[in-house]
Amino acid sequence: MAQTTPNISETRPVIRQLDDAAINRIAAGEVVERPASAVKELVENAIDAGATRIAIDIADGGKTLIRVTDDGCGIAPEDLPLAMSRHATSKIDGSDLLNIHTFGFRGEALPSLGAVGRLSITSRVPGADTASIAVSGGKMEAVKPAALRAGTVVELRDLFFATPARLKFMRTDRAEAQAIGDTVKRLAMAEPAVTFTLRDVSGGGEGRVTFRADRENGDLFDALHARLARVIGREFAENALQIDATREGIRLYGYAALPTYSRGAAVAQYLFVNGRPVRDKMLTGALRAAYFDFLSRDRHPAAALFIDCDPTLVDVNVHPAKSEVRFRDPGVARGLIVSSLRHALAEAGHRASSTVANATLGAMRPEAPQPTPARVYQMDRPSQAARQAAYRAQSPGFAELARDYSGSIVEPAPVVTPVTAEEPVPQDLPLGAARGQVHENYIIAQTADGMVIVDQHAAHERLVYEKLKTQMAENGIAAQALLIPEIVELSEGDCARLMAVADDLSRLGLTLEPFGGGAIAVRETPAILGEVDARAMILDILDELADQGDSQMVQARIEAILSRVACHGSIRSGRRMRAEEMNALLREMEATPHSGQCNHGRPTYVELKLSDIERLFGRS
C-alpha cells in the first residue's frame, strides 16, 4: 500500500509574508512561555528604567492579571506607540550586539505581550503629562491622558486570550504563582538596592503579600548578604562563605554554603552573569565540580554566585529568553568558579554548618506528655566479649580498659611543665579539650562557650583521606600500561570531544591516543583502580561530557578508592581512646581543611553552645 508523505503536497507551496499580528504571536511563543516569563520581562524593564521600588500584583497565578508598578524614569507620551512596536528599544542603537549593559535589548517583550493578552501602559516622565496606551490581541488604541504621580504601571490581563490553545498548557494557579515567586526572588537577589513587593490579589481587594524585600544598605557584600538572608533564608546566610576572586578580566563574587549545608536537589543554586539570572549547564557543572570531593552524588551544594565581566566577553543573545549565555573563553570562567570555591572551602577549615547543631537541639527537646505508652528506644550493643576481642585486635594495651561502663577517660600521670603565655588553654581552642568518650565512638569536648561532640571514626577517616590526597597530588597518579591497548570505536564527534580532554585524563593516569577514524586506543589506566573495563569507562566519560561539559568520573573512581582506604585505616567505632589521643585528634581536625565533614558530606562533629544547652533546661 502506498504511503503518503505528509510534508509533500500535490500543489506547489507559496511563500507568504506574515502579518504583524502573526509575527508577534510567534515571538510571544518564544519569549512568553508562561506568566512567570511575562513577569520577568516586565520587571527587567523596570530595573532598566532605574526603578528603586517595584511592586508586582498577580491574580490567578498571573493568568488573569499581572501588574508591575515602578518609580523609574517613565516613557514619554510620544514614545508609547513606538514602545509597542517590534524591535523598538531605547537600550541599544543596533551597532554592537555584544556590548550590552541592560537586561532587555531586543524590543520584543511589550509587542509580544500585547499580541497574546490585553496590555496597557500608563507612564509619566518628569516635567511631562501622564499618558496611557492599550493593546488588545495585537490591536493598538490611541494614546490617552491619564493620572499617575511618577514612574510606570504596566498591566497585563487575560494572558493568552488571543491564543486559547496556549491556555491548555498552563499549570495550576498555585504552580504558576510559585514560578512567578521564584522569578521575582532571583531578580531581587541580583538587585539588593531595589525594594521588591509581590502581592497576590486573586479574588479582589488588596490581596496578600507573598514576598517582600526592602532595599539593603551597606557595601556590596553587606547588602548582598542581607538580601540573600531574606530570599534564601537566614540559615543559608549563617553557613555561607564569602567568595571574591578575579581572573583574566572576569570577577566572581557571592556566597557559597558549607558542604554540611547541602540540599537534596539543585534548588538552591543561583547563578548570575552581569546581573542577569541564568541557568547554564557549564556554570552549574563547575559549581558541582567544586564540591565534588565533599558531597555524595545525591546531595547538591547551595550557592548564589555572580560573574561580572566586560559584556564583549559573553554573548547573552544565544537563547530566546536570555536564560543561557556563552563565554568567549568558557574555560576561564569554569576554572575561576572551581578554584575560588575550593580555596574558600579550604579556608573554612574544620567549620561545619550550624544547622547540624540546630537539628541536634531539636531532637533533644522534651516531648509533650501523651496518653499513649512511651516509645522504647533500643540499640543493639556488642557483647562484653566482643568488645574485648575488638580492643585486643585494634591496639595492644586497650583490653585492660574494657569495663562494664562506657565513658571513662584515662588521664596520664601529672607532669609539671611550665606554661608560657603563648600556649592556649585547650578549651579555648576551636574544638576545645576532650572531657570523655561515650559509647566508644563519640568524643565529648568542652569549649570556651559550649561543648563539642565528635564522631571519632568519621573525623579520623576524613583526616586520613586528606593525607592520602595530598600524597597523591605530590607524587602523581601511577598509571599501568596495558599489554595490548584496548581499541574503542566511537563516532568522529565523540572521538574529538574525548581527545579535547585527553591531557586532563592523562594526568589522572588514563592515557588515550587517536587510532584512526573515530577509534581511540586506551594505552594506560590508573593503577589504583586495578582491572578496568576501558570501554565502559570511556562511554561514561562521554556521557558526562555531553551532559555537563566536563567529566569527573575518573577522578571520582580514584578518590572512591582513597576513601575506602581511609575508612579501613582510620580509628574504628568501638575503640576506647586515651585523653592525649582524643586531644591529638581534635588538634589535627583544627589544622586540616575540610575536616568538618566526612567523605560523604555528613558532619564529623556537632557544636552546642552553652546558651542553647541552658535553654533545654529552662535556665534562659
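Just above sits the structure.
Residues numbered from 1 in each chain as written. Predicted model: local features only at pLDDT ≥ 70, side-chain atom pairs only at ≥ 80, totals over all residues. Heavy atoms only, no water.

**Student:** Residues and numbers for the overall build of the protein, please.
**Tutor:** Each helix and strand counted, the protein has 19 helices and 23 strands in total. Counting over 620 residues, the protein shows a buried share of 46%. Of the contacts formed within the protein by residues at least 6 apart in sequence, a portion of 69% connects residues at least 24 apart. Counting every atom, the protein has about 32,100 Å² of accessible surface; 52% of that belongs to carbon and sulfur. (Helix = DSSP H or I, 4+ residues; strand = E, 2+ residues; numbered from the N terminus. Buried < 20%, exposed > 50% of the residue type's maximum accessible area, 1.4 Å probe, protein only. Contact = heavy atoms within 4.5 Å. Areas by Shrake-Rupley, 256 points an atom, 1.4 Å probe, with all protein chains shown as cover.)

**Student:** So, the nonpolar core: which residues are in play, and what are the values?
**Tutor:** In terms of nonpolar packing, the biggest core is built from 60 residues, with V43, I54, I56, F196 and F236 touching the most fellow members. Sequence-distant contacts of V43, defined by excluding residues within four places in its chain, comprise I54, I56, V68, L187 and F196. (Core = buried A, V, L, I, M, F, W, Y, C linked by side-chain atoms within 4.5 Å.)

**Student:** I'd like to hear about the pattern of salt bridges, residue by residue, with values.
**Tutor:** Taken as a whole and assessed by the stated rule, the structure comprises 25 salt bridges. Of the charged contacts in the structure, one is a salt bridge between R34 and E176, with a shortest N-O distance of 3.0 Å. Within this pair, whereas R34 is found in the loop between α1 (20–31) and α2 (35–48), its partner E176 is found in helix α6 (residues 173–190), the two being separated by 142 residues in sequence. With a relative accessible area of 1%, E176 lands in the buried category. Ionic pairing is found between D449 and K609, a salt bridge with its closest N-O pair at 3.2 Å. Here D449, found in the loop between β18 (442–447) and β19 (450–455), pairs with K609, found in strand β23 (residues 605–609); they are 160 residues apart in sequence, far enough to count as distant. With a relative accessible area of 31%, K609 lands in the partly exposed category. (Salt bridge = Lys/Arg side-chain N within 4 Å of Asp/Glu carboxyl O.)

**Student:** Could you give an account of the environment of I232, with specific residues and numbers?
**Tutor:** By secondary structure assignment, the location of I232 is in the loop between α7 (220–231) and α8 (234–238). Separated by 37 residues in the primary sequence, I232 and Q269 have C-alpha atoms spaced 10.0 Å apart. Setting aside residues no more than four positions away along its own chain, I232 makes contact with M189, Y270 and A304.

**Student:** A description of the sheet that holds β19 should follow, citing residues and the corresponding values.
**Tutor:** Within the open sheet, the four strands sit side by side as β17-β18-β19-β23. Their pairing is antiparallel. Of all strands in the sheet, those with a lone pairing partner are β17 (433–438) and β23, marking the two edges. The average angle at which neighbouring strand axes cross in this sheet is 20°, direction not considered. Strand direction decides the pairing type here: β19 and β23, joined by five bridges, are antiparallel. Bridged to M451 within β23 is L608. Each of β17, β18 and β19 touches helix α13 (residues 456–475); the most contacted strand, β19, lies at about 70° to it. (Pairing = 2+ DSSP bridges. Axes fitted to C-alpha atoms, helices over the stretch in contact; angles between N-to-C directions.)

**Student:** I'd love a proper account of unusual backbone geometry, names of residues and values included.
**Tutor:** The phi dihedral of D158 is positive, around 50°, even though this residue is not glycine. With a phi angle near 55°, H439 is a residue other than glycine that sits in the positive phi range.

**Student:** Describe the packing of α2 against helix α4 (residues 109–116), naming the residues involved and giving the relevant values.
**Tutor:** α4 packs onto α2 with a crossing angle of 140° between their chain directions and a minimal axis gap of 10 Å. By the angle between their axes, α2 is oblique relative to α4. Between α2 and α4 lies a crossing whose hand is left-handed. Two secondary-structure elements touch here, α2 through A38, E41, L42 and N45 and α4 through A109, L110 and L113. Classifying every residue of the contact of α2 with α4 gives five nonpolar, one polar and one charged. (Parallel < 35°, antiparallel > 145°, perpendicular 65-115°, else oblique. Left-handed = near helix turned anticlockwise from the far one by under 90°. Nonpolar A, V, L, I, M, F, W, Y, C, P; charged D, E, K, R; others polar.)

**Student:** Describe the environment of L542, listing the residues and the values that go with them.
**Tutor:** Structurally, L542 can be placed in helix α16 (residues 534–548). When the C-alpha atoms of L542 and C495 are compared, they prove to be 9.1 Å apart, with 47 residues separating the residues in sequence. Filtering out sequence-adjacent residues up to four positions away, L542 remains in contact with L490, D494, R497 and L498.

**Student:** How would you summarise the packing of aromatic side chains if you had to cite specific residues and measurements?
**Tutor:** Under the counting rule described, the total for this entry stands at five aromatic pairs. With centroids separated by 6.2 Å and ring planes inclined at 80°, the aromatic side chains of F221 and Y253 adopt a geometry described as edge-to-face. On the criterion of sequence distance, the pair formed by F221 in helix α7 and Y253 in strand β11 (residues 250–257) is long-range, its members being 32 residues apart. Y253 gets classed as buried once you look at its relative accessible area, which sits at 9%. A ring pair is formed by Y253 and F306, whose centres lie 5.3 Å apart and whose planes are at 10°; its orientation type is stacked. With Y253 in strand β11 and F306 in strand β14 (residues 303–309), this pair connects stretches of sequence that are 53 residues apart. With relative accessibility at 4%, the residue F306 sits in the buried group. One aromatic cluster is present, formed by F221, Y253, Y255, F272 and F306 through successive ring pairs. Positioned over the ring face of F161 is R118, at 3.8 Å from the centre of the ring. (Phe/Tyr/Trp six-rings, centres within 6.5 Å; stacked < 30°, edge-to-face > 60°. Lys NZ or Arg CZ within 6 Å of the ring centre and 35° of its normal.)

**Student:** Outline the sheet that holds strand β13 (residues 276–278), listing residues and values.
**Tutor:** Read across the sheet, five strands follow the order β10-β11-β14-β12-β13 without closing on themselves; strand pairing throughout is mixed. Of all the strands in the sheet, the pair left with one neighbour each is β10 (240–247) and β13. Taking the axes of each pair of neighbouring strands and ignoring which way they run, one obtains an average angle of 20° across the sheet. Bridge count between strand β12 (residues 269–273) and β14: five bridges; the pairing is parallel. In the strand pairing of β14, Q269 is matched with A303. Of the strands in this sheet, β12, β13 and β14 are in contact with α6, which crosses β12 at around 55°. Strands β12, β13 and β14 of the sheet are contacted by helix α9 (residues 281–290), whose axis makes an angle of about 130° with β12.

**Student:** Residues and numbers for the side chain of E581, please.
**Tutor:** Note on placement: E581 falls in helix α18 (residues 579–591). Take E581: its relative accessible area is 18%, and that puts it in the buried class. There is a polar contact of 2.9 Å between the side chain of E581 and the backbone nitrogen of R578. (Polar contact = N/O pair within 3.5 Å; in protein donor to acceptor, adjacent residues only side chain to side chain.)

**Student:** So what about the packing of α9 against helix α10 (residues 330–347)? Which residues, and what values?
**Tutor:** With their axes 8 Å apart at the nearest point, α9 and α10 run at an angle of 30° to one another. Classified by the angle their axes make, α9 and α10 are roughly parallel. The way α9 lies across α10 gives a crossing that is right-handed. Counted together, M282, L283, G285, A286, L287, A289 and A290 of α9 and P330, A333, R334, I337, V338, L341, R342 and L345 of α10 form the full contact between these two elements. Across the contact of α9 with α10, the residue classes break down as 12 nonpolar, one polar and two charged.

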